[in-house]
Amino acid sequence: MTKIIIDCDPGHDDAIEMLLAMADEYAEILGICTVAGNQSLEKTTLNALKVIELAGRKDINVYPGSAKPIMGNLITAPNIHGNTGLDGTLFREPTLRASKTNAIDFMHNVLREQKNVVIVTTGPITNLAILLLAYPEVKKNIGRIVWMGGSYSMGNITPDAEFNAYNDPEALKIVLNSKLNFTMVTLDVTHRALFTMDDIKRIKNMDNKVSEQVYELLTFFYKTYEENFSLGGVPIHDACALAEALHPGIIKSKLLNVEVNTSTGPSRGRTIVDIYNVTGREKNALVSMDINTEGFKNYLFNMLEKYK
């Protein structure tokens, strides 16, 4: 069992990440934190509750976190995820309610008591940065951080920057400087694990209590990705990070130095990855280099088939 905290901004790919975690027998989910990113904090929190209720896991609590970046303005992604953040299917209104404890206090409380906790963070990394600033003593109990974000070759919100990094580069800088075991699951790798419409139809054919809604979500997600990026498939970014956190090795990574551009210029949010060690700076992040695409897809299919 791996003790995990999921810190996310649902989001279609975050929703799939959550469903995989809730089906995986190796995951002990300590709680789910939310952050503003793909949509406002109010919407991402509501979406997390909807996904938990869909999975029938009313034992898992949701802890709302940061509504905005440490500096600058929040950028959301309605062109990709729709106005709700989970457009494409109709969820029942959840009976679950978010905790009154905020995400930072929740993580602090957990990390005072439990060791070797893995934090899977798949939105802007604001919550974690604030935690490390406010309670640096909890670092000793964080076993690993797996973050979906950044890139060494492309951007998807600007020509230089990946969405999560762009939304809060100051927060990312704090985490990169923390000396914690930090893995970046980058766009370069998530774009190698594209789901085609045939893959998505395979999910529909599972004919279980979540597969129809996952099919509808991914059909919408596929359409918006084709309209915006024309990749010939849709990446499920955040699920890649979850798979690596629970089953290390599905992604091949290399320990490198990573810096982030916090300027207000056109390269704000760019992750500067020193692949060839030309700077000689301290290596501070495991950066994804490749993914076992077949293994990742099979993992996703196998987890979704567990829902009856």
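Refer to the structure printed above.
Residues numbered from 1 in each chain as written. Predicted model: local features only at pLDDT ≥ 70, side-chain atom pairs only at ≥ 80, totals over all residues. Heavy atoms only, no water.

Asker: Please explain the packing of helix H5 (residues 126-134) against helix H7 (residues 169-176) as it appears in this structure.
Answerer: For any two helices packed against each other, the geometry comes down to the angle between their axes and how far apart the axes lie. It is the contact of H5 with H7, at a shortest axis distance of 8 Å, that shows an interaxial angle of 50°. Here H5 lies oblique to H7, going by the angle between them. The two elements H5 and H7 cross, and the hand of that crossing is left-handed. Contacts between H5 and H7 involve Thr126, Leu128, Ala129, Leu132 and Leu133 from the former and Ala171, Ile174 and Val175 from the latter. (Axes fitted to C-alpha atoms, helices over the stretch in contact; angles between N-to-C directions. Helix = DSSP H or I, 4+ residues; strand = E, 2+ residues; numbered from the N terminus. Parallel < 35°, antiparallel > 145°, perpendicular 65-115°, else oblique. Left-handed = near helix turned anticlockwise from the far one by under 90°. Contact = heavy atoms within 4.5 Å.)

Asker: So what exactly am I meant to see when it comes to the packing of aromatic side chains here?
Answerer: Note on aromatic pairs: each is described by the distance of the centres and the angle between the planes. Under the definition given, this model contains 6 aromatic pairs. Between the aromatic rings of Tyr63 and Phe106, the centroid separation amounts to 3.8 Å while the plane-to-plane angle is 5°, which identifies the pairing as stacked. In this pair, Tyr63 is assigned in strand E3 (residues 62-64) and Phe106 in helix H4 (residues 103-113), connecting sequence segments 43 residues apart. The exposure classification of Tyr63 matches that of Phe106, with both residues buried. Relative to Tyr225, the ring of Phe221 lies with its centre 5.2 Å away and its plane at 80°, an arrangement referred to as edge-to-face. Of the two residues, Phe221 and Tyr225 are both situated in helix H10 (residues 211-228); the distance of 4 residues between them amounts to about one turn of the helix. The pair formed by Phe221 and Tyr225 is uniform in burial state, with each residue classed as buried. Here the aromatic residues Phe195, Phe296 and Phe301 are joined through ring pairs into a cluster of three or more. A cation sits over an aromatic face here: Lys297 above Phe195, 5.2 Å from the ring centre. (Phe/Tyr/Trp six-rings, centres within 6.5 Å; stacked < 30°, edge-to-face > 60°. Buried < 20%, exposed > 50% of the residue type's maximum accessible area, 1.4 Å probe, protein only. Lys NZ or Arg CZ within 6 Å of the ring centre and 35° of its normal.)

Asker: Where do I start with unusual backbone geometry in this structure?
Answerer: Backbone phi values are negative for most residues with the exception of glycine, while trans is the configuration of most peptide bonds. For the peptide bond that leads from Pro10 to Gly11, omega is -10°, which places it in the cis range. Among the secondary structure elements, Gly11 is positioned in the loop between strand E1 (2-8) and helix H1 (12-23). For Lys179, which is not a glycine, the phi torsion comes out positive at approximately 65°. With respect to the helices, strands and loops of the structure, Lys179 is situated in the loop between H7 and strand E6 (182-185). Positioned with a positive phi, Ser230 is a non-glycine residue whose angle comes to about 50°. For Ser230, the position within the fold is in the loop between H10 and strand E8 (234-235). Under the relative-accessibility criterion, Ser230 is labelled exposed at 56%.

Asker: Got a minute to help me understand the environment of Ser40 in this structure?
Answerer: With respect to the element layout, Ser40 can be found in the loop between strand E2 (27-34) and helix H2 (41-55). A relative accessible area of 25% means that Ser40 is categorised as partly exposed. Sequence separation of Ser40 and Gln114 is 74 residues, and the distance between their C-alpha atoms is 30 Å.

Asker: Teacher, can you tell me more about the pattern of salt bridges here?
Answerer: Opposite charge on two side chains lets them pair, provided their charged atoms get close. Across all of its chains, the model carries 7 salt bridges by this definition. Ionic pairing is found between Arg268 and Glu170, a salt bridge with its closest N-O pair at 2.8 Å. Of this pair, Arg268 sits in the loop between strand E9 (251-260) and strand E10 (271-274) while Glu170 sits in helix H7; the two residues are 98 residues apart in sequence, bridging distant segments of the chain. By relative accessible area, which is 13% here, Glu170 ends up buried. Across the pair Arg192 and Asp290 runs a salt bridge whose closest N-O atoms are separated by 3.3 Å. Taken together, the residues span a long stretch of sequence, with Arg192 in the loop between helix H8 (187-190) and strand E7 (194-195) and Asp290 in strand E11 (residues 285-291) at a distance of 98 residues. (Salt bridge = Lys/Arg side-chain N within 4 Å of Asp/Glu carboxyl O.)

Asker: Could you clarify how one ought to interpret a nonpolar patch on the surface in this entry?
Answerer: On the surface, Ile70, Met71 and Ile130 cluster together to form a nonpolar patch covering roughly 240 Å² of accessible area. Tracing the sequence through the fold places Met71 in the loop between E3 and helix H3 (78-81). On the accessibility criterion, Met71 (47% relative accessible area) is partly exposed. (Patch = residues over 30% accessible without salt bridge, like charges linked within 9 Å, V, L, I, M, F, W, Y side chains within 5 Å. Areas by Shrake-Rupley, 256 points an atom, 1.4 Å probe, with all protein chains shown as cover.)

Asker: Can you walk me through the sheet that holds E9 in this structure?
Answerer: Neighbouring strands of a sheet are bound in pairs by backbone hydrogen bonds; such pairs are parallel or else antiparallel. Across the sheet, 9 strands lie side by side as E3-E2-E1-E4-E5-E6-E11-E9-E10; this open sheet has mixed pairing. If you trace the sheet from one side to the other, it starts and ends with E3 and E10, each paired once. Put simply, the sheet's adjacent strands are angled 30° from each other on average, direction ignored. Pairing geometry for E2 and E3, over 3 bridges, is parallel. If you follow Cys33 over to E3, its bridge partner there is Tyr63. Those strands touched by H1 are E1, E2 and strand E4 (117-121), and its axis lies near 160° from that of E1. In the packing of helix H11 (residues 237-246) onto the sheet, contacts are made with E1, E2, E4, strand E5 (142-148), E6, E9 and E11, and the angle to E5 comes to roughly 155°. (Pairing = 2+ DSSP bridges.)

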